[in-house]
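Architecture and fold: a report
Here is what each chain is made of, one letter per residue.
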Amino acid sequence: MSKYVLNVRKGDVIRRDMGKVFELNRKRVFSIIEARQLLPIIRRVTEEANLRIRGLVSKLEAVKDHDQEKSKILEDQINQHVSDWQTKIAKLGAEGKGLWLVDFDCGTGYYCWKFPEETLEHFHGYTEGFQARVKMRDSKVATGNANKKQKPVETAPAQAIPEPPAGR
């Protein structure tokens, strides 16, 4: 089983035992396979941030009605952890779009993952958001207009990187 070395704040790359290198600090276009390979790292970073923030929210709930100064400090810490999480996601090449929501640009739209989902199974177009995402079938890439409420289509093998739309 491969282990990841993850030091997003200080490092320039993430290495797998097998020699695969993920570049950091670069927005990129992902194939479905590449996005799914990166998902365990994204998931771990998200789980860690979620746990820290849940602990801070519990403390905030305990003091919010009687200690405004402590409440403000805790709110600032929560916001900083969310910001740090978004920065880590961006360094991995994906986009943190909302709290624990990550989009992977695939050239025709986004593969979309939301914590605590186990796998990467959804897609939406560039102009649509989380609410318009559709479930992809098996290992095929869903393309086309995700705005339409229809079953996802299977048009390209998972290994292929979809062609970017014209004008992008």
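Analysis parameters
Residues numbered from 1 in each chain as written. Predicted model: local features only at pLDDT ≥ 70, side-chain atom pairs only at ≥ 80, totals over all residues. Heavy atoms only, no water. Helix = DSSP H or I, 4+ residues; strand = E, 2+ residues; numbered from the N terminus. Buried < 20%, exposed > 50% of the residue type's maximum accessible area, 1.4 Å probe, protein only. Contact = heavy atoms within 4.5 Å. Areas by Shrake-Rupley, 256 points an atom, 1.4 Å probe, with all protein chains shown as cover. pLDDT = per-residue confidence, 0-100. Core = buried A, V, L, I, M, F, W, Y, C linked by side-chain atoms within 4.5 Å. Pairing = 2+ DSSP bridges. Axes fitted to C-alpha atoms, helices over the stretch in contact; angles between N-to-C directions. Polar contact = N/O pair within 3.5 Å; in protein donor to acceptor, adjacent residues only side chain to side chain. Salt bridge = Lys/Arg side-chain N within 4 Å of Asp/Glu carboxyl O. Phe/Tyr/Trp six-rings, centres within 6.5 Å; stacked < 30°, edge-to-face > 60°. Lys NZ or Arg CZ within 6 Å of the ring centre and 35° of its normal.

1. Describing the overall build of the protein chain
- Looking only at helices and strands, the protein chain features two helices and eight strands.
- Listing every helix and strand of the protein chain by position from the N terminus yields β-β-β-α-α-β-β-β-β-β.
- When each of the 168 residues of the protein chain is scored for burial, the buried share is 39%.
- Here the analysis covers contacts within the protein chain between residues at least 6 apart in sequence; of these, 42% occur between residues at least 24 apart.
- Carbon together with sulfur atoms contributes 51% to the accessible area of the protein chain, which is approximately 9,800 Å² in total.

2. Some details on the confidence of the model for the protein chain
- Confidence in the prediction of the protein chain, expressed as mean pLDDT, is 76, and 66% of residues score 70 or more.
- Counted against residues more than four places away or in other chains, residues 1-21, with its pLDDT under 50, gives 44 contacts.

3. Concerning the nonpolar core
- Grouped together as the largest cluster of nonpolar side chains are 29 residues, with contacts concentrated most on Ile42, Val102, Phe104, Tyr111, Trp113 and Leu120.
- Among the secondary structure elements, those contributing two or more residues to this core are α1 (32-63), α2 (68-91), β5 (101-105) and β6 (110-114).
- Of all the elements, α1 adds the most residues to this core, at twelve residues.
- Contact partners of Leu120, with chain neighbours within four places excluded, come to Ile32, Ala35, Arg36, Leu39, Phe104, Tyr111, Cys112, Trp113 and Met136.

4. Let's talk about the sheet that holds strand β4 (residues 95-98)
- Across the sheet, which stays open at both edges, the five strands sit in the order β4-β5-β6-β7-β8 with antiparallel pairing between neighbours. The open sheet has two edge strands, β4 and β8 (134-135), and neither has a second partner.
- Sheet topology places β5 next to β6; five bridges connect them, and they run antiparallel. What sits directly across from Phe104, in β6, is Tyr111.
- Strands in contact with α1 are β5 and β6; relative to β6, the strand with the most contacts, it is inclined by about 25 degrees.
- Packing against the sheet, α2 makes contact with β4 and β5, and its axis sits at approximately 140 degrees to β4.

5. Overview of the side chain of Arg133
- Its place among the elements puts Arg133 in the loop between β7 (122-124) and β8.
- A polar contact is formed between the side chain of Arg133 and the backbone oxygen of Cys112, at a distance of 3.4 Å.
- In contact with Arg133, not counting residues within four places along its chain, are Cys112, Trp113, Lys114, Glu117, His122, Phe123 and His124.

6. Some words on the pattern of salt bridges
- In total, this model carries nine salt bridges according to the counting rule given.
- Lys72 is paired through a salt bridge with Asp76; the nearest N and O atoms lie 2.8 Å apart. Here the residue Lys72 and the residue Asp76 both occupy positions in helix α2, the gap between them amounting to four residues, near one helical turn.
- A salt bridge links Lys135 to Glu121; its shortest N-O distance comes to 3.4 Å.

7. What about the pairing of β5?
- For β5, the tally of buried residues reaches five of five residues, placing the bulk of the element in the interior.
- Both faces of β5 are covered, namely the face carrying Leu101, Asp103 and Asp105 and the face carrying Val102 and Phe104.
- Linking β4 back to β5 in an antiparallel pair, the connection comprises two residues, with Trp100 at a positive phi of about 65 degrees.
- Where β5 folds back onto β6 in an antiparallel hairpin, the turn is made up of four residues, including Gly107, whose phi is positive at roughly 95 degrees.

8. Remarks on the packing of aromatic side chains
- All told, the structure shown has five aromatic pairs when counted by the stated rule.
- Between Trp113 and Phe115, the ring centres sit 6.3 Å apart and the planes meet at 70 degrees, which makes this aromatic pair edge-to-face.
- Between the NZ or CZ atom of Lys97 and the centre of the ring of Tyr110, over which it lies, the distance is 4.1 Å.

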